[in-house]
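The lines below spell out each chain.
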Amino acid sequence: MKTSRRQFIKTSSLYAGGLAMAGSGLKAASGLLKNLGGNVEGLSRTPTYCEICFWQCAGWVYKDDDGRIQKIIGNDDDPHCNGRLCPRGTGGVGMYHDEDRLKTPLIRRTVDGKQVFEEATWEEALDFIAEKMKSVAAEFGPECVVLFSHGSGGAHLGHMLKAFGSQSISAPSFAQCRGPREVAFLTTYGDIVYSPERTDIRDSRCLVFIGYHLGENMHNGQVQEMSDAIDKGATIITVDPRYSVAASKSKYWLPIKPATDLALLLSWIHVLIENGWYDKEYVEKYTFGFEQLREHVKQYTPEWAYGITTIDPNVIRRTAKEMYDASPAVIVHPGRHTTWYGDDTQRLRAVAILNAILGSWGRRGGFYFPERVQFPEYPTPAYPVPNRLPTEAYAGKYNLANEVVSNGICDATIPSVDSDCNFKVWLVNGTNLMLALPDQKKTLQAIQALELVVVIDTMPVEITGYADVVLPECTFLERYDMVRVSRHREPTLALRMPATEPKYHSKPGDWIARELGIRLGLAAYFPWKDMEEHLDWQLKQVGSSLEEMKRIGVKKFPRQYDDLYLHEGEDFFFNTNTGKIELYSTDMEEEGFPPLPVYTEHEQPPEGFYRLNYGRAPMHTFGRTANNPNLTDLMDENTLWVNPKVANLWGLENDQYIKLRNQDGIVSTFSIKVRITERIRWDSVYMVHGFGHDNKKLSRAHGRGINDTELITNVKIDPVMGGTGMRSNFVTFVFENDNAGEEVEA
Amino acid sequence: MRYAMAVDTKKCVGCSDCVVACQTENNVPIGYCRDWIVEVTDGTYPQLEIEIRSERCNHCENAPCVRCCPTGASHYSDGGTVLVKKYHCIGCGACIASCPYDARFPHPEGYVDKCTFCLDNRVKKGMDPACVSVCPTKCLYFGDLDDPRSPVSQILKKRKYKTLIPEAGTKPHLYFLI
Ligand code: SF4
Ligand code: SF4
Ligand code: SF4
């Protein structure tokens, strides 16, 4: 245990002189900055792929004669974006220009009994980290070093960490987001949905969205294709207690009572089977357990579902018929952020089953088979075999999780008598764990138990306040990264190269990983001269080259393995225990979970409280963009959506600022602006996630709106895969003179 | 030649990409915009409708802003686009007051600015305006009303549409597909 508590360092750092460091490694970007053709209006352009969200759209960065980045435009040849970036990508320049960026390495020191950050050189910071990693590894084994990552830096740092002997690598995008979906589809189809999603939206005739607010979440290719589908007259069915933008584009909006979606899904399955509205040949040929399913869903009549969901039984029947009429060109969309109530894998299993009986998997207008280029790694020595795997942190649990469960790692970091599996070092890259992980108290407990916290980021996000060392990473516009090898209808590669040199003292992720690796005695794992040589070698193995990719940005390859869709009568082996699509899941059964999804009731808000729902805005990627000057210009705070009836009851006015208190007495740090709207049900309130930053160094984001994560303290763990269900939190309004409840640290 | 734009309110998701793309294309300073999003909600829960519109200058055929401009800075240009010669503009703001659509703003450099349909920097070079070419839902259509094959003429032939504040008599060239 540490003797001194790791205090959150909010304000300015101490300034030390002499920060320059001779540029070892990366020979900066010089020589790459000259014109590469394709110029318009005196602007030169270089290829990149966007880092503002996981969609990784490829584009061109245009600069004027003074080398100033003017704009980023989508690459026409890229199937992720078809030449059109989303607003975040278009405003991606703001990430580079943001004057609040992390500028120089910082090390936590205690001066006169007070903890402060002191500016350091890269040598000092990296030496410090390497020494600590070595001493901790000597005592506890290298596996006690963990990497949490989101985005492109993870590949470099992950490589370094595996070479060091640790496989403890985790991304909150699994257990806090899409995990239930991947596990549900894996147990059903033996394959996952992937990112970008393999949904054939453009050719779909019926789209069903369950709480999935496409258009507000700007998953670019899917938004584009939804628009194509609207043009072609597709029927859209949206299930959401909130009148989302997608709902407003829908033929059917089902304003469901929150937390009852599984009842609706089961009753749809009931209606389809009872009426014979399913793909009999497909079910016969490809699925396992149809009879058990038929028996199981007999109980789930539309009338039964009506009492739970408040959706009219006739609407349930009519929408089921719409799906059948469109089948197999129908997509019951699996969504993306699916960690809601703790039985999420089961809900997503019901979605997977619905698609299966409609025969949409592997069919045009349903789910296609994506393909990627076989892209070789640059040869390096084999990684040492770790003594223990990160999954031992939650041994005996979550066996079906196909990725590492971040909250499992976080929990195991907190010393306990039940577990000897302690983690001692966290490297945190590109993910603001304070906003990403629910139940902040636990995260803080874990942080206090650590020997070393290193945060590698572009922005002074909250987690940097708890770091021992902060390393300023440069933005995607200032660096090379691994080639984007994407799985899509057509396999493609995309190049990211620096459009300009790293600003301030920031450095690219590959350089940071390599410099740290060298200090850890792992130079043999970094045999390349620089990223250019690294990428060029890889590209040459598939018949391209760095020179070619600099010119074209995106290269398409022909498909080699199978076709986009199943052929008529094709024999197909699914990667499940039975080789079939498992309507009845043998995996679930083996693990002691219901092999067919069973409806369970969830908590509803107590009187005077409202369910806290949260979502996305098209111009922001959670907390990541909340300080981006171009994007805050479009939206600089979140608002609290309140139904007019509720507003009346509480005397709330539009634009009034108000705090919230949750069921556990936690009061929000900041206030939020009230937006009275008919678009929300009376039993819930809604806000966009990613606001309410409490680090003053984020000058545009600080104190703007409420951070929903701090109000999410009732976390429902999904026993199947460890996901953190976050939608069982209830809030009420706090007025100025009301001091009830415990204030969280401001 | 009469340039015009149509906005499909059935497809627009209100993402504001058209707004950022215009800002970066035309160096519009942060805090200002030449185009913007309007969202109108109608009805009570759960009988609701929303109309989402990407709005900008209507490039009116009968433009009060041009009529009232004392210096001639506001003028009709190629294809009927309404433009402002920034070196002639004295920033008096008469045009801002006269525009029924609130399409103009005082640029911090002292002149009045607004949407140009990207006439000089893009359209004359054969490209679409920045907002049209970035829109992820492809809900913006641009072109010459006098050319029956232009995207805007084609879509107006097929779909129902409306213009904003027709009673102002400005003859707008911005159409909303409904
Ligand atoms: S969807 Fe938007 S933010 Fe995501 S990668 Fe594409 S352009 Fe960037
Ligand atoms: S970019 Fe297109 S979809 Fe987005 S707000 Fe503008 S017009 Fe609407
Ligand atoms: S919309 Fe306003 S600024 Fe544009 S032409 Fe009409 S009156 Fe003038």
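Residues numbered from 1 in each chain as written. Chains lettered and ligands numbered in written order. Predicted model: local features only at pLDDT ≥ 70, side-chain atom pairs only at ≥ 80, totals over all residues. Heavy atoms only, no water.

Visitor: For this particular structure, what's the right way to read the overall build of chain B?
Guide: Across its full length, chain B holds five helices and 10 strands. Compactness check: chain B gives a C-alpha radius of gyration of 16 Å against a globular reference of 16 Å for 178 residues, within 12% of the reference. Principal-axis analysis of the C-alpha atoms gives chain B an extent of 50 × 40 × 35 Å. For chain B, the exposed surface amounts to about 7700 Å²; the carbon and sulfur share of it is 51%. In chain B, 22 positive and 20 negative side-chain charges are present, and the distance between their average locations comes to 4 Å. (Helix = DSSP H or I, 4+ residues; strand = E, 2+ residues; numbered from the N terminus. Rg over C-alpha atoms; globule rule 2.2 N^0.38 Å. Areas by Shrake-Rupley, 256 points an atom, 1.4 Å probe, with all protein chains shown as cover. Lys, Arg positive; Asp, Glu negative; His and termini not counted. Charge placed at Lys NZ, Arg CZ, Asp CG, Glu CD.)

Visitor: What is the right way to read the packing of helix H14 (residues 406-413) of chain A against helix H16 (residues 440-449) of chain A from this model?
Guide: Angle between the axes and distance between the axes are the two parameters that describe a pair of packed helices. Residue and element names in this part refer to chain A. The contact between H14 and H16 brings their axes to 8 Å, and the two run at 55 degrees. With respect to each other, H14 and H16 are oriented oblique. Taken as a pair, H14 and H16 cross one another with a handedness that is left-handed. Across the interface between the two elements, Cys-410, Asp-411 and Thr-413 from H14 touch Lys-442, Thr-443, Ala-446 and Ala-449 from H16. Here the residues of the contact of H14 with H16 sort into three nonpolar, two polar and two charged. (Axes fitted to C-alpha atoms, helices over the stretch in contact; angles between N-to-C directions. Parallel < 35°, antiparallel > 145°, perpendicular 65-115°, else oblique. Left-handed = near helix turned anticlockwise from the far one by under 90°. Contact = heavy atoms within 4.5 Å. Nonpolar A, V, L, I, M, F, W, Y, C, P; charged D, E, K, R; others polar.)

Visitor: Whenever I open this one, the confidence of the model for chain B confuses me. Can you help?
Guide: Low pLDDT marks regions whose predicted coordinates should not be analysed in detail. For chain B, mean pLDDT is 96; residues scoring 70 or higher make up 100% of the total. Across the predicted assembly, pTM comes out at 0.92 and ipTM at 0.95. (pLDDT = per-residue confidence, 0-100.)

Visitor: What exactly am I supposed to notice about the site of ligand 2 here?
Guide: Among the 14 residues in the neighbourhood of ligand 2, the closest are listed as B:Cys12, B:Cys15, B:Ser16, B:Cys18 and B:Cys135. For the shell around ligand 2, the residue count by class is nine nonpolar, four polar and one charged. (Near = heavy atom within 4 Å.)

Visitor: Would you mind showing me how to read the nonpolar core here?
Guide: Nonpolar side chains in soluble globular proteins generally cluster together in the buried interior. Residue and element names in this part refer to chain A. Of all hydrophobic cores here, the largest spans 120 residues; its most connected members are Phe-185, Leu-254, Trp-268, Ile-269, Leu-293, Met-323 and Ile-357. Top contributing element to this core by residue count: helix H8 (residues 261-274), with 10 residues. Beyond its immediate sequence surroundings of up to four residues, Leu-293 is in contact with Ile-269, Ile-273, Ile-353, Ile-357, Leu-583 and Leu-596. Residues Phe-117, Ala-175, Leu-433 and Met-434 belong to the second largest nonpolar core, which totals 43 residues. (Core = buried A, V, L, I, M, F, W, Y, C linked by side-chain atoms within 4.5 Å. Buried < 20%, exposed > 50% of the residue type's maximum accessible area, 1.4 Å probe, protein only.)

Visitor: In this structure, what is going on with helix H5 (residues 172-189) of chain A? I would like to understand it.
Guide: Note that an α-helix has 3.6 residues per turn; residues three or four places apart therefore point the same way. Residues and elements named next belong to chain A. In this model, H5 (18 residues) spans 24 Å end to end at C-alpha, consistent with the 26 Å of a helix rising 1.5 Å per residue. The largest bend along H5 measures about 90 degrees and falls at Arg-178, with the proline Pro-180 one to four residues further on. With respect to burial, H5 is a largely interior element, 17 of its 18 residues being buried. Once H5 finishes, Gly-190 follows within two positions and takes phi at roughly 70 degrees, a positive value. (Expected span 1.5 Å × (residues − 1). Bend = angle between axes of the 7 residues up to and from the residue.)

Visitor: Any chance you could explain the domain arrangement of chain A here in plain terms?
Guide: Note on interface size: it is often stated as the accessible area lost on association of the parts. Residue and element names in this part refer to chain A. For chain A, the assigned domains read domain 1 (181-370 + 565-590) and domain 2 (610-745). Between the C-alpha centres of domain 1 and domain 2 the distance comes to 30 Å. Taken together, the contacts link 26 residues of domain 1 with 26 residues of domain 2. In total, about 2000 Å² of surface goes out of reach between domain 1 and domain 2, with carbon and sulfur atoms giving 56% of it. If you look at where domain 1 meets domain 2, you find zero salt bridges. Linking domain 1 with domain 2 are nine residue pairs in polar contact (both at pLDDT 80 or more), by the criterion used here. A per-class count over the side of domain 1 that touches domain 2 returns 12 nonpolar, nine polar and five charged. (Domains from an automatic or database assignment. Buried area = accessible area lost by both parts, 1.4 Å probe. Salt bridge = Lys/Arg side-chain N within 4 Å of Asp/Glu carboxyl O. Polar contact = N/O pair within 3.5 Å; in protein donor to acceptor, adjacent residues only side chain to side chain.)

Visitor: Looking at this structure, how should I read the pairing of strand E3 (residues 47-55) of chain B?
Guide: Regular strands show a simple pattern: their side chains alternate between the two faces of the sheet. Residues and elements named next belong to chain B. Burial analysis of E3 places seven of its nine residues in the buried class, the great majority of the element. As defined by bridge partners, strand E2 (residues 36-44) adjoins E3 across nine bridges and the pair is classed as antiparallel. Along E3, the bridge assignment pairs Trp-36 with Glu-55. If you look at the hairpin formed by E2 and E3, you'll find two residues sitting between the two strands. (Pairing = 2+ DSSP bridges.)

Visitor: Sorry, what's going on with unusual backbone geometry here?
Guide: Most peptide bonds take the trans configuration, and most residues that are not glycine carry a negative phi. Residue and element names in this part refer to chain A. Geometrically, the link from Ser-195 to Pro-196 is a cis peptide bond, its omega value of -15 degrees lying close to zero. Along the chain, Pro-196 falls in the loop between H5 and strand E8 (206-210). In this chain, Ser-327 is followed by Pro-328 through a cis amide linkage whose omega measures 5 degrees. Looking at the secondary structure, you find Pro-328 in the loop between helix H12 (313-326) and strand E12 (330-333). For Gln-56, which is not glycine, the phi torsion reads 55 degrees and is therefore positive. Residue position: Gln-56 is located in the loop between strand E1 (44-49) and strand E2 (58-63).

Visitor: Looking at this structure, I do not really get the interface of chain A and chain B. What am I missing?
Guide: Contacts between chain A and chain B engage 42 residues on the former and 40 residues on the latter. For the pairing of chain A and chain B, the buried interface totals around 3100 Å² over both sides, and the portion due to carbon and sulfur atoms is 56%. Our enumeration of links across chain A and chain B arrives at five salt bridges. In this structure, B:Glu39 and A:Arg679 form a salt bridge, with 2.5 Å as the shortest nitrogen-oxygen distance. Listed by contribution, the elements that provide at least two residues to the side of chain A that touches chain B are strand E3 (69-74), helix H1 (87-90), helix H6 (220-231), helix H7 (245-248) and helix H21 (629-632) of chain A.

Visitor: In this structure, what is going on with the confidence of the model for chain A? I would like to understand it.
Guide: When the pLDDT values of chain A are averaged, the result is 91; 92% of them are 70 or greater. pLDDT under 50 marks residues 11-39 of chain A. Its contacts with residues more than four places away, or in other chains, come to 53 contacts.

Visitor: Any chance you could explain the pattern of salt bridges here in plain terms?
Guide: Any two side chains of opposite charge can pair, on the condition that their charged atoms come close. Residues and elements named next belong to chain A. A complete count under the given rule lists 65 salt bridges over all chains for this structure. Residue Glu-51 is joined to Arg-496 by a salt bridge in which the shortest nitrogen-to-oxygen separation is 2.8 Å. Note that Glu-51 is positioned in the loop between E1 and E2 and Arg-496 in the loop between strand E17 (492-494) and helix H17 (509-519), a separation of 445 residues in sequence. The exposure class assigned to Glu-51 is buried, which follows from its relative accessible area of 12%. What makes Arg-496 buried here is its relative accessible area of 0%. Across the pair Glu-637 and Arg-704 runs a salt bridge, and its minimum N-O distance is 3.8 Å.

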